[in-house]
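Summary of the model geometry
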Amino acid sequence: MIPPDSPPAPSPAVSVDVVLPCLDEAAALPWVLSRIPAGWRAVVVDNGSTDGSAGIARSLGATVVSEARRGFGAACHAGLTASTADIVCFCDCDASLDPALLVPFVGRVARGEADLVLGRRRPQGRGAWPPHARAGNVALARMMRRRTGLRLHDLGPLRAARRTDLLSLALTDRRSGYPLQMVVRAADAGWRVEERDVPYLPREGKSKVTGTWRGTWHAVRDMRSVLAQGAAR
């Protein structure tokens, strides 16, 4: 259930864009955009929606970017390249994660205490994180720890880093491997990477990735491919 409370006010004196990959999220958009902290810009990347998501996002004050190439990574990277802010955040657009939770993430990056901050998802309520999706995430997190040495537990989408630093990683994956490639290349570059616990809510609508075994398998395949590449440029 979507909580009704108001987002906290942001504190760091930096410009912030929140990239929101979007595919048919009309039901979730009003709440998600209402949770963007004051002074931050929401960049909704429409990835081929047919439910009017783009129009709803515009009507609610978001900047809308269209990305014709389907894929989570394609949408995320389109948002990154469209951003002009000091710090870029990423968040799912399905109301499973609260964008207001990014305030302390941005604070850590803005103060130079971390280079990349990730959200470690903690499920809240039944149906927040299907067992098959959680199992896939655990397996990938273990492989990532072996590959990078980072003591991380999740590859969740809630994250924040400086825009110029993210662009310097020259990310190439345009599918489900994008979040993992970001972490792997950040580790290779010597970034300070940390994670913070965040509540993970049941999403609005049906997941395009983790809602089915097939979608989860495709995501795991994409991410294993990233690891197999050894983050080669």
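Located above this text is the structure these notes cover.
Anyway, here's the lowdown on the structure attached to this text. (Residues numbered from 1 in each chain as written. Predicted model: local features only at pLDDT ≥ 70, side-chain atom pairs only at ≥ 80, totals over all residues. Heavy atoms only, no water.)

We now examine the pattern of salt bridges. Taken as a whole, this structure holds 9 salt bridges when the rule is applied. Here Glu-113 makes a salt bridge to Arg-111, at a shortest N to O gap of 3.2 Å. Through salt bridges with shared partners, a single ionic network connects Arg-108, Arg-111, Glu-113 and Glu-194. (Salt bridge = Lys/Arg side-chain N within 4 Å of Asp/Glu carboxyl O.)

A few words now on the nonpolar core. Counting 35 residues, the largest nonpolar core has Val-18, Leu-20, Leu-33, Trp-40, Val-44, Cys-89 and Leu-102 as the members making the most contacts within it. At the level of secondary structure, the elements contributing two or more residues to this core comprise β1 (16–22), α1 (29–34), β2 (41–46), α2 (53–59), β4 (87–90), α4 (102–110) and β7 (193–200). Ranked by residues supplied to this core, first place goes to α4 with 5 residues. Sequence-distant contacts of Val-44, defined by excluding residues within four places in its chain, comprise Leu-20, Cys-22, Leu-29, Leu-33, Ala-57, Ala-62, Thr-63, Val-64 and Val-65. In this structure, Phe-90, Leu-116, Leu-155 and Ala-187 belong to the second largest nonpolar core, which totals 30 residues. (Core = buried A, V, L, I, M, F, W, Y, C linked by side-chain atoms within 4.5 Å. Buried < 20%, exposed > 50% of the residue type's maximum accessible area, 1.4 Å probe, protein only. Helix = DSSP H or I, 4+ residues; strand = E, 2+ residues; numbered from the N terminus. Contact = heavy atoms within 4.5 Å.)

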